[in-house]
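Structural features, examined
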Amino acid sequence: MPNNLKSEKSPYLKQHENNPVNWFPWNNESLNQAKIEKKPIFLSVGYASCHWCHVMAHESFEDEETAKIMNEKFINIKVDREERPDLDYVFQKSLSILTGTQGGWPLSMFLDENGVPFTGGTYFPPKEMHGRPDFRKVLNNVSEVYQNNREKIIAQAVQMQNIFSKINQRTAVLDQALLPFVDKIISYLDDTNGSFKGAPKFPQFYLFDTMFYFFLKTNDGKYLKPVETLLKNICSKGIYDQLVGGIARYTVDEKWIVPHFEKMLYDNVQFINLLTKFYQKTKSEYFKQKLIQSINFLNKDFINESGLYGSAYDADSEGVEGKFYTWSYEELEENLKENLSLFEKKYLISKEGNFEGKNILIENNIELDEEEKKEIVDIEKQLVFTRNKRLKPLFDDKSQTDQNAFLIDTLLNASLVLDNKDIKKIALEKFKILEEKTSEKIFHCYETSEIDVFLEDYVYYSKLLISLYEIEDDDQYLEKSIKLMNEIWELFFDEKSKLLQKNQIKKNDLFVSPIDLNDNNIPNGNSIYLTLCNKLYAITDNKTWYEKIEILNKSFHQVLNSNFSQMFSFIKSLDICKETISFTFYGDPKKTEEIRHKLLKDFSDRAIFVYKNKGNEEPFVVICKNQTCSNKISGINEINAYLRDHKITHDSK
């Protein structure tokens, strides 16, 4: 029998609509039901492509006996963390506060009847194993404790709220050097494999994006090396889908060989973003091919029925993790026949395999000649054809506004760097679809008020609009971005903390205000908003934006010391504001197109592009760094000389 999730749109929630558990979605009616029945809430947070969410579902939520306990003793609420990132943030943080353990998915939290957490965990097995108690015992124990201590547990809400109010604890610091934070993190990195030492291994691109920014600024190789190490390893190992491009979420080992096979849009956006910048600087043909392959993968396999990008691919197919992506040696022999030996020159494969008797493709360190490279391409196409006959993993096709806007923005930049009009054409087509769907109001997903808008949706859409203004020299994008940026301040700015809240202040349905300053799936909305304020101040000279910069600058510096490793996008944003670079173009834009194109390629992530007096007079450019500006400059050689002399660039090309 279907439960209360039957009318939900989330692919994750729909996976649970026929569970014997009487699931409720998160809404006021569900929360009120807990108050009426004076029962605690069991809150389960996950997402459609989460492997361990599936495991717990099969073991416990599909089990009649377990469901009976849950239905008798709890109000059971199921949440898709991608629909409600604000809720996921608050309860992940709550788990850390209550138990001192790291969160993850599935997240299994127990809340009082007012929606305030009092204990929890992540995955609970059906029988005790590896130090984890069995789920039924947990359910019975929590229910008994709650019934015997109900009033005392409810009274603890104030204590939880007080702890949350101190999470973003301020210091007296109003300004400080930012490079020492970057230098400090380098000591924790894996010099051989990239990213942080140990396993499991996550790329954490926001950190390396900031590091690469400081390399471009200083030309110091110690900031380039960690980025190069990360990208070389990712592109050559099992986390990367060698046949079609794109990356998995993380690997279980420290050498990037065995991935957790789910593919998330947010990881791939940031991978493409960093790879684009790295290729622009290095001009490596190897990384160019990986970049193009990964862009093509997203534009082919991540598109949903509305023409936008979906959210993720599952790790499992036919109930087996990685089945779609792995190969037995016998399968490769059968498919490739006489071409197997050439294939083995490019990829490390064996009869034993490197994952449960199967082979995850990782590159070999053998140089191939041009003829071999061409032959390998045909062999790989043959394997893709064979692989596509397999049952594909589940595609979570919901479009999220923030991630779609971030990807479209990233593709526009990649099209500039690659001089690829086809990529730009696709990006603009996707923008038109997104623009049409958000014409009435900005939303998070589904185009209804069911899942309302979050800070990142507004911020990343605003960022895309400002990028379009800078790339296309079109004031309509600027005007729309200004409107949205003002709305953001009205909807999300919290006067008490002087920060932007994750959800709309007037629509908060959580026991605390979710003011999240961590870089999580994508760089934090607060840090992006600061960067955009800086752009708008340079473009419009409107003091309102300067005032917002001052407020946020102060707030970020006051909290940075206590949480810098999770705030690397803030370090980059603060530095961009501290040393603002702008290129202001005067005169006929057609006559500066070549110069503009080159500067956009080199500086789109670091500088601001402004267009004024678009008449027919002879064009010129004014370059500013902070409050110091050049005279009128007309030629590319003069521009390059000025950039070098004023240490704005270290590249003479």
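The present account deals with the structure reproduced in this document.

The rules behind the values
- Residues numbered from 1 in each chain as written.
- Predicted model: local features only at pLDDT ≥ 70, side-chain atom pairs only at ≥ 80, totals over all residues.
- Heavy atoms only, no water.
- Helix = DSSP H or I, 4+ residues; strand = E, 2+ residues; numbered from the N terminus.
- Rg over C-alpha atoms; globule rule 2.2 N^0.38 Å.
- Buried < 20%, exposed > 50% of the residue type's maximum accessible area, 1.4 Å probe, protein only.
- Contact = heavy atoms within 4.5 Å.
- Areas by Shrake-Rupley, 256 points an atom, 1.4 Å probe, with all protein chains shown as cover.
- Pairing = 2+ DSSP bridges.
- Axes fitted to C-alpha atoms, helices over the stretch in contact; angles between N-to-C directions.
- Core = buried A, V, L, I, M, F, W, Y, C linked by side-chain atoms within 4.5 Å.

Another aspect to go through is the overall build of the chain. Within the chain, the regular secondary structure consists of 25 helices and 18 strands. In summary, the chain has a C-alpha radius of gyration of 26 Å against a globular reference of 26 Å for 653 residues, a match within 12%. Expressed as lengths along the three principal axes of its C-alpha atoms, the size of the chain is roughly 80 × 70 × 45 Å. The burial tally for the chain puts 58% of its 653 residues in the buried class. Long-range contacts, defined as pairs at least 24 residues apart, comprise 69% of the intrachain contacts of the chain with a sequence gap of at least 6. Summed over its atoms, the accessible surface of the chain is roughly 27500 Å², and 48% of this surface lies on carbon and sulfur atoms.

Assignment of secondary structure puts Lys 430 in helix α18 (residues 421-437). Overall, the relative accessible area of 11% leaves Lys 430 in the buried class. Each C-alpha atom of the pair Lys 430 and Asn 561 lies 39 Å from the other, and the pair is 131 residues apart in sequence. Once residues within four sequence positions are removed from consideration, Lys 430 is found in contact with Ile 303, Gly 307, Leu 308, Tyr 309 and Ile 408.

Reading across from one edge, β1-β3-β2-β4-β5 is the order of the five strands in this open sheet, with mixed pairing throughout. Strands with a single pairing partner mark the edges of an open sheet, and in this sheet they are β1 (23-24) and β5 (117-121). For strand β2 (residues 41-46) and strand β3 (residues 75-80), the ladder comprises six bridges, and the chain directions are parallel. Across the sheet, the residue bridging to Phe 42 is Asn 76, located in β3. Packing of helix α3 (residues 51-61) onto the sheet brings it into contact with β1, β2, β3 and β4 (107-111), and relative to β2 it is tilted by some 140 degrees. Helix α5 (residues 85-99) contacts β2, β3, β4 and β5 of the sheet and is inclined by roughly 75 degrees relative to β4.

Attention shifts here to unusual backbone geometry. In this model, Trp 105 is joined to Pro 106 through a cis peptide bond whose omega is 5 degrees. Tracing the chain through its elements places Pro 106 in the loop between α5 and β4. We note that Lys 283 has phi near 55 degrees; this positive angle belongs to a residue other than glycine. Assignment of secondary structure puts Lys 283 in the loop between α12 (265-282) and α13 (285-301). Its identity is not glycine, yet Lys 498 carries a phi of approximately 60 degrees, on the positive side. Along the chain, Lys 498 turns up in the loop between β13 (493-494) and β14 (499-500).

Further remarks concern the sheet that holds strand β16 (residues 607-612). An order of β16-β15-β17-β18 is seen for the four strands of this open sheet, with the pairing classed as mixed. Looking at which strands have only one partner, the edges of the open sheet turn out to be β16 and β18 (628-629). Both strand β17 (residues 620-625) and β18 contribute to a ladder of two bridges, which runs antiparallel. Across the sheet, Lys 625 pairs through a bridge with Thr 628, a residue of β18.

What follows deals with the pairing of β2. Burial analysis of β2 places six of its six residues in the buried class, which makes it a mostly covered element. Here β2 shows two buried faces, one formed by Ile 41, Leu 43 and Val 45 and the other by Phe 42, Ser 44 and Gly 46. Pairing of β2 with β4, which is carried by five bridges, proceeds in the antiparallel orientation. Bridging across to β4, Ser 44 finds its partner in Ser 108.

In this section: the nonpolar core. Counting residues in hydrophobic clusters, the biggest one holds 182 residues, and the most contacted among them are Tyr 529 and Phe 583. It is helix α19 (residues 455-472) that contributes the most residues to this core, 11 residues altogether. One finds Leu 43, Leu 95, Val 116 and Val 512 within the second-largest nonpolar core, a separate group that totals 25 residues.

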